[in-house]
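Observations on the model geometry
Each chain, letter by letter, is given below.
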Amino acid sequence: MNRSLRNMIALGAILLTAMLNNCGGGGGGGGSGSGSLDNGGGAASAQLSTFTNDVSACMPVLAASSTDTGEAGLGEWSAWDPMASGTVLGKLFDPGIGGNECFSAQVELLDAHIAMAQQFADTWDTSGTYTRGNITAIVQTDVPAVTIPYLAFDIPVEKLITLQVPDEDLTIHMAFTLDGDNQTIVEQYEIGDTQAGVFYSWKEGNEAGIWHASIGESKVQFMWQGDSLDKSFIITECTDAAGGNWEVMGGGSVASSASEMAFMARNQDNNASSDAYYLAITLADLMEGISQPIWNAAVNPPDSSTYAVLAYVTEEDINCFGFLGNQEYPADLTELAWNQ
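In this text the structure is predicted, and so the values were computed from the model without any measurement.

1. Description of the overall build of the protein
A count of helices and strands for the protein gives six helices and 15 strands. Each of the 340 residues in the protein was classed as buried or not, and the buried ones make up 54%. Residue pairs at least 24 apart in sequence account for 55% of intrachain contacts in the protein once pairs closer than 6 positions are excluded. Carbon and sulfur atoms form 48% of the exposed surface of the protein, whose accessible area is close to 13,400 Å².

Structure (structure tokens):
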């Protein structure tokens, strides 16, 4: 497992353990009654919160999509231009052209599932089966831990809710712990026998983190961590979208238009992902798609001692997640199955 990925998950587990201790460790009381509810119901429990605002507070989100296609040769700006599809910055930050490779597009999906589960907040304290419209929820309050699919990493939880939406052939398993504004969620979803995905997400104060793996339009794994106070973020992603391997990692700040970010990428068309290229860019230039110099990491390794923002593309630096690894995305749906 990638070092930074392991550290992020370990941090989430530590935060979650602290939350459980503060909550007295149990998950909701009540008996194991079962019932069918309409839009009425009891008093709502504490609310899970979504992640879109956390992401937009500390990471760029582009909305000026272009039909221009980018290039695969990472040594040229045309492979990075955020205003073109198929490019590093375009796929990473523009949901209109990035599809399920775009981080914010995946966060929107996570938020939609959280909102769906939130409809049953007034039932979370009592195990049972409940129905609202076309959604059925099975609530379990006696699940002490779950295993994150694909990562095979155990996480303690307070509750598990399974949502079934027959109209969409959609099933969602969402296990979580909630303490005020702090929360940890493990989610697995599947759509028929063609798509599936997993999220591990957490919030603690002004910090938030999301790990995700899925198979849909593409095979994807990514990890993100952001701080809404200093408006900084770190990200890494790997997909199968460029002949078998496409990777990007980096981060930076969006505190002002002059704030800087740095990213490094590699793909199958660049010496079978053996050659990596990087750039540094301000928020203003990113939003305008202004061309930047591209550097070959083998010829000019990033040096954060001379250019501080390059810490985000210097592996082993605390500000860098590093690459996830060549073809480190789920191979098939069985790797994302909910086996508890």
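2. Side note on the pairing of strand β6 (residues 170-179)
With eight of its 10 residues buried, β6 lies for the most part within the structure. Relative to β6, strand β5 (residues 159-165) runs antiparallel, the two sharing seven bridges. Paired with Ile161 across the bridge in β6 is Met174. In this antiparallel pair of consecutive strands, β5 and β6, the connection spans four residues, and Asp169 shows a positive phi of 55°. Of the pairings in the sheet, the one linking β6 to strand β7 (residues 182-191) comprises 10 bridges and is antiparallel in character. Bridging from a neighbouring strand, Asp179 pairs with Asn182 of β7. Remark: two residues form the turn of the hairpin made by β6 and β7, two consecutive strands paired antiparallel; Gly180 in that turn has positive phi of roughly 65°.

3. Digging into unusual backbone geometry
The phi dihedral of Asp169 is positive, around 55°, even though this residue is not glycine. Here Asp169 lies in the loop between β5 and β6. Although it is not a glycine, Ala272 adopts a positive phi angle of roughly 55°. Note on placement: Ala272 falls in the loop between β13 (260-267) and β14 (277-282). With relative accessibility at 44%, the residue Ala272 sits in the partly exposed group.

4. A few points about the pattern of salt bridges
This model, assessed by the stated rule, comprises five salt bridges. Linking Arg132 and Asp122 is a salt bridge whose minimum nitrogen-to-oxygen distance equals 3.1 Å. Pair noted here: Arg132 is in strand β1 (residues 128-132) and Asp122 is in the loop between α5 (103-118) and β1, with a separation of 10 residues, a long-range link. The pair Arg132 / Asp122 is uniform in exposure class, with both members buried. The partner of Asp125 in a salt bridge is Lys159, with the nearest N and O atoms 3.3 Å apart.

5. Side note on the nonpolar core
Membership of the largest hydrophobic core comes to 57 residues, with the highest contact counts inside it found for Trp80, Ile161, Trp224 and Phe263. Top contributing element to this core by residue count: α5, with six residues. In terms of nonpolar packing, the next biggest core, distinct from the first, is built from 34 residues, Ile148, Val198, Leu310 and Tyr312 among them.

Reading the values: the criteria
Residues numbered from 1 in each chain as written. Predicted model: local features only at pLDDT ≥ 70, side-chain atom pairs only at ≥ 80, totals over all residues. Heavy atoms only, no water. Helix = DSSP H or I, 4+ residues; strand = E, 2+ residues; numbered from the N terminus. Buried < 20%, exposed > 50% of the residue type's maximum accessible area, 1.4 Å probe, protein only. Contact = heavy atoms within 4.5 Å. Areas by Shrake-Rupley, 256 points an atom, 1.4 Å probe, with all protein chains shown as cover. Pairing = 2+ DSSP bridges. Salt bridge = Lys/Arg side-chain N within 4 Å of Asp/Glu carboxyl O. Core = buried A, V, L, I, M, F, W, Y, C linked by side-chain atoms within 4.5 Å.

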